[in-house]
Amino acid sequence: MSSRNQNLKEKLKKIENLEIISNSSDLRRLSKDFYNYSPILKEKLDGCVADFVVRPKDKIAVQKIAEICWELSIPLTLRGSGTGNYGQAVPLFKGIVMQMNYLDKIEEFYPDTGFVQVQSGCLMGDLNKQLEKHGRELRLLPSTWKTATIGGFIAGGSGGIGSIKWGFLRDPGNLLGLEAVTLNENPKLLKFDAEESEPLNHAYGTNGIITSLLIATDIKRKWYSMVIDCEDLEQAIEILQKCTITAIELKLGAILEKEIVDQMPIWFKGKSKNKINKILIQATLGSLKTIELICKKFKVKYFILGEEEKLLNGISEVVWNHTTLHMRSKDKNWTYLQMLLPLHREFELISALREKWGKKILWHIEAVSQQGVPRLAALPVLKWENSILLNQIIDNCKNLGAIIFNPHVFTVEGGGLGVIDTDQVKAKLKFDPKGLLNPGKLEGWEIKDEFQN
Ligand SMILES: Cc1cc2nc3c(=O)[nH]c(=O)nc-3n(C[C@H](O)[C@H](O)[C@H](O)COP(=O)(O)OP(=O)(O)OC[C@H]3O[C@@H](n4cnc5c(N)ncnc54)[C@H](O)[C@@H]3O)c2cc1C
């Protein structure tokens, strides 16, 4: 061990309520997330390993870590459960990975508003169970909700189950405030209101160490799952869009193209021999009545599976990036893209791409709300060949009007809208002036001099 790391270890050992991990296999494991869905990221990130992983058990320990990192100029990368796909939690420049999983308490529930103040390392599955006691549930869930932390979702996720109604995490109204420790000369635990929290929301932990969050929740409902069979993909899109503009309560609406359905687990495919496109819906029982009428009008077959929570395997397990997970469990060469399809030209884009690329691209669609407007997002899966082909497909999608959230880059901007959020950079200058938090992940940091005064 280098003398720098020896010195660092001595200092870490003096912190109370801190677990320190330094054996090489754990260091390797805890320096990774699910970036291997992208062959491009895999090549870039496979060799990145932290010098130490630490797990603070209280907020004082978090502050002490920040003090040491400041004093010795050590890079600090935060980790929830490490389920991100963009390499968000991977330390590019060694240093410390701080896993937040012991900060897992619900600090306060506000019955009048349904808001909940929760520590960042709380697993979303546990949080949802606790909320149920108050007749509430989380508005938005990634398909990894059983294992992912709420802090990791806010700092690194985008949306998921529930986005059909509640949009994306960065939409005003979902995050009401947070508490974070700074990494400056005198690290402090600061409280941020909804507006002040915006630059830290989806910033990959590059401008603050989130210790707790104030988030809005929804009334707990019983969600029923339904599957609709459609011979024709265009018709499936038409039916899903009809559902999203109807006066019903929906939690999820997705479409899997038949070749994708064919690769899903047996319990989902059923016994049917014919490959068929499927629409997957989660709605309240009353809302299903209206969807049944839509199905009858379109003369398509449908199956009501039952209450999602009571199913042995629910449809939540085959949507969002779990679709890609199942495809990859059959063949590791499957990778994917994420995009917002152009409004009113969704199928136009799909048919143009089909004409050019055929079955090199298989379609997985998710209904979302974007700034209050029902839209279709897509997470198509593609067989990996090389980065030239991938970039050609990406350019093709962009030229046809899709907005790409590229899962083959590890920066906040690359995986997001592609533009620098100046407020994120300003927050980093203030709360992390040495640029030690998750270095290399915020492209805007490269032009920080423009914001110095
Ligand atoms: C199969 C599969 C399906 C998925 N489905 C979805 C989906 O539906 N929707 C979606 O949005 N994502 C999805 N993801 C990505 C990921 O699971 C989620 O974004 C998840 O919420 C991340 O939580 P985590 O605790 O694992 O965070 P991590 O991966 O550990 O961290 C994510 C980012 O947040 C930062 N971070 C973590 N904790 C803190 C903190 N306390 N303060 C500041 N920064 C912090 C990390 O540095 C990192 O940059 C999926 C991933 C997989 C593998």
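Predicted model only: the values in this text are computed from it and were never measured.

(A) Focus on the overall build of the protein chain. From N to C terminus, the protein chain includes 17 helices and 22 strands. Relative to the globule expectation of 22 Å for 453 residues, the C-alpha radius of gyration of the protein chain, 22 Å, shows essentially globular dimensions. Projected onto its principal axes, the C-alpha positions of the protein chain cover 70 × 55 × 45 Å. With 453 residues in all, the protein chain has 57% of them scored as buried. Once local pairs closer than 6 in sequence are excluded, the contacts in the protein chain between residues at least 24 apart make up 72%. When the accessible surface of the protein chain is totalled, it reaches about 19700 Å², and 51% of it is carbon and sulfur. Distance between charge centroids for the protein chain: 5 Å, based on 60 positive and 55 negative side chains.

(B) Looking closely at the site of the ligand. Within the structure, the ligand sits among 37 residues, and Leu-78, Gly-80, Thr-83, Thr-149 and Gly-159 are positioned closest to it. Taking Ser-143, its side chain carries an N or O atom lying 3.0 Å from a nitrogen atom of the ligand. At a separation of 2.7 Å, an oxygen atom of the ligand approaches a polar side-chain atom of Thr-144. When the ligand sits alone it has 980 Å² of accessible area, and the protein chains cover 97% of it. Among the secondary structure elements, those contributing two or more residues to the shell around the ligand are β3 (76-79), α6 (150-156), β10 (209-215) and α13 (321-330). Tallied by class, the residues present in the shell around the ligand amount to 14 nonpolar, 22 polar and 1 charged.

(C) Examining empty space enclosed by the protein more closely. Enumeration over the complete set of coordinates arrives at 3 cavities of 30 Å³ or more. In this structure, the largest cavity occupies an estimated 100 Å³ of space. The wall of the largest cavity is formed by Met-124, Leu-138, Arg-139, Leu-140, Ile-150, Phe-153, Ile-154, Leu-169, Asn-174, Leu-175, Ile-215 and Ala-216. It is α6 that contributes the most residues to the lining of the largest cavity, 3 residues altogether.

(D) Seen up close, helix α14 (residues 346-357). For α14, with 12 residues, the first-to-last C-alpha span of 16 Å sits near the 16 Å given by 1.5 Å per residue. Among the residues making up α14, those that are buried are Glu-346, Phe-347, Leu-349, Ile-350, Leu-353 and Trp-357. Taken around the axis of α14, the buried residues stretch over an arc of 155°, which confines them to a single face. With respect to the buried face of α14, the exposed residues turned more than 90 degrees away are Glu-355 and Lys-356. On its buried face, α14 is in contact with α9 (233-244), β18 (361-362), β19 (364-370), β20 (373-378) and α15 (387-399). Once α14 ends, the next one or two residues include Gly-358, with phi positive near 55°.

(E) Geometry of the pattern of salt bridges. Following the criterion strictly, the structure yields 26 salt bridges and no others. Between Glu-137 and Lys-220 there is a salt bridge, with the nearest N and O atoms lying 3.8 Å from each other. Pair noted here: Glu-137 is in strand β7 (residues 136-138) and Lys-220 is in the loop between β11 (217-219) and β12 (224-230), with a separation of 83 residues, a long-range link. Given the relative accessible area of 4%, Glu-137 is considered buried. Exposure remark for Lys-220: the relative accessible area of 23% places this residue in the partly exposed category. Between Glu-309 and Lys-220 there is a salt bridge whose closest N-O contact spans 2.4 Å. One end of the pair, Glu-309, is in the loop between β15 (302-307) and α13; the other, Lys-220, is in the loop between β11 and β12, with 89 residues separating them in the sequence.

(F) The arrangement of the layout of surface pockets in detail. One number sums up the size of the second largest pocket: a volume of about 660 Å³. Lining the second largest pocket are 29 residues, with Asn-128, Trp-145, Lys-146, Glu-308 and Glu-309 positioned closest to its centre. Its residues placed into classes, the lining of the second largest pocket shows 6 nonpolar, 9 polar and 14 charged.

(G) Representation of the packing of α9 against helix α12 (residues 285-298) within the structure. As a packed pair, α9 and α12 sit with axes 10 Å apart at the nearest point and diverge in direction by 150°. Comparing their axes, α12 and α9 come out roughly antiparallel. As α9 packs across α12, the resulting crossing turns out to be right-handed. Contacts between α9 and α12 involve Gln-235, Glu-238, Ile-239, Lys-242 and Cys-243 on the former and, on the latter, Ile-291, Ile-294 and Phe-298. Counted by class, the contact of α9 with α12 contains 5 nonpolar, 1 polar and 2 charged residues.

(H) Highlighting the sheet that holds strand β2 (residues 52-56). Ordered in space as β1-β2-β4-β3, the 4 strands form an open sheet in which the pairing is mixed. Both outer strands of the open sheet, β1 (18-21) and β3, are each paired with one neighbouring strand and no more. Direction aside, the axes of adjacent strands within the sheet are offset by 25° on average. Examined bridge by bridge, β2 and strand β4 (residues 96-99) share 3 bridges and lie parallel to one another. For Phe-52, the partnering residue across the bridge sits in β4 and is Ile-96. Relative to β2, helix α1 (residues 3-13) is tilted by about 10°, and along the sheet it contacts β1, β2 and β4.

(I) Spotlight on the sheet that holds strand β21 (residues 381-383). Reading across from one edge, β16-β21-β18 is the order of the 3 strands in this open sheet, with antiparallel pairing throughout. The outermost strands of the open sheet, each flanked by one partner alone, are β16 (334-336) and β18. Inspection of the sheet shows β16 paired to β21 by 3 bridges, in the antiparallel sense. Across the sheet, residue Thr-335 finds its bridge partner in β21, namely Leu-382.

(J) Molecular detail of the packing of aromatic side chains. Following the criterion strictly, the structure yields 4 aromatic pairs and no others. Pairing Phe-192 with Phe-431 gives two aromatic rings, centres 5.4 Å apart and planes at 85°, and the pair type is edge-to-face. Within this pair, whereas Phe-192 is found in strand β9 (residues 189-193), its partner Phe-431 is found in helix α17 (residues 422-431), the two being separated by 239 residues in sequence. Overall, Phe-192 belongs to the buried group, its relative accessible area being 10%.

(K) Region of the structure containing a negative patch on the surface. Together, Asp-193, Glu-195, Glu-196, Glu-198 and Asp-423 make up a negatively charged patch on the protein surface. Within the secondary structure layout, Asp-193 lies in strand β9. By relative accessible area, Asp-193 is classed as partly exposed at 41%.

Procedures and definitions
Residues numbered from 1 in each chain as written. Predicted model: local features only at pLDDT ≥ 70, side-chain atom pairs only at ≥ 80, totals over all residues. Heavy atoms only, no water. Helix = DSSP H or I, 4+ residues; strand = E, 2+ residues; numbered from the N terminus. Rg over C-alpha atoms; globule rule 2.2 N^0.38 Å. Buried < 20%, exposed > 50% of the residue type's maximum accessible area, 1.4 Å probe, protein only. Contact = heavy atoms within 4.5 Å. Areas by Shrake-Rupley, 256 points an atom, 1.4 Å probe, with all protein chains shown as cover. Lys, Arg positive; Asp, Glu negative; His and termini not counted. Charge placed at Lys NZ, Arg CZ, Asp CG, Glu CD. Near = heavy atom within 4 Å. Polar contact = N/O pair within 3.5 Å; in protein donor to acceptor, adjacent residues only side chain to side chain. Nonpolar A, V, L, I, M, F, W, Y, C, P; charged D, E, K, R; others polar. 1 Å grid on protein atoms, 1.4 Å probe; cavity = no way out; pocket = protein on both sides within 12 Å on 5 of 7 lines; lining within 4 Å. Points joined across faces, edges and corners; volume = space filled by probe spheres on them. Expected span 1.5 Å × (residues − 1). Arc of directions from axis to C-beta. Salt bridge = Lys/Arg side-chain N within 4 Å of Asp/Glu carboxyl O. Axes fitted to C-alpha atoms, helices over the stretch in contact; angles between N-to-C directions. Parallel < 35°, antiparallel > 145°, perpendicular 65-115°, else oblique. Left-handed = near helix turned anticlockwise from the far one by under 90°. Pairing = 2+ DSSP bridges. Phe/Tyr/Trp six-rings, centres within 6.5 Å; stacked < 30°, edge-to-face > 60°. Patch = residues over 30% accessible without salt bridge, like charges linked within 9 Å, V, L, I, M, F, W, Y side chains within 5 Å.

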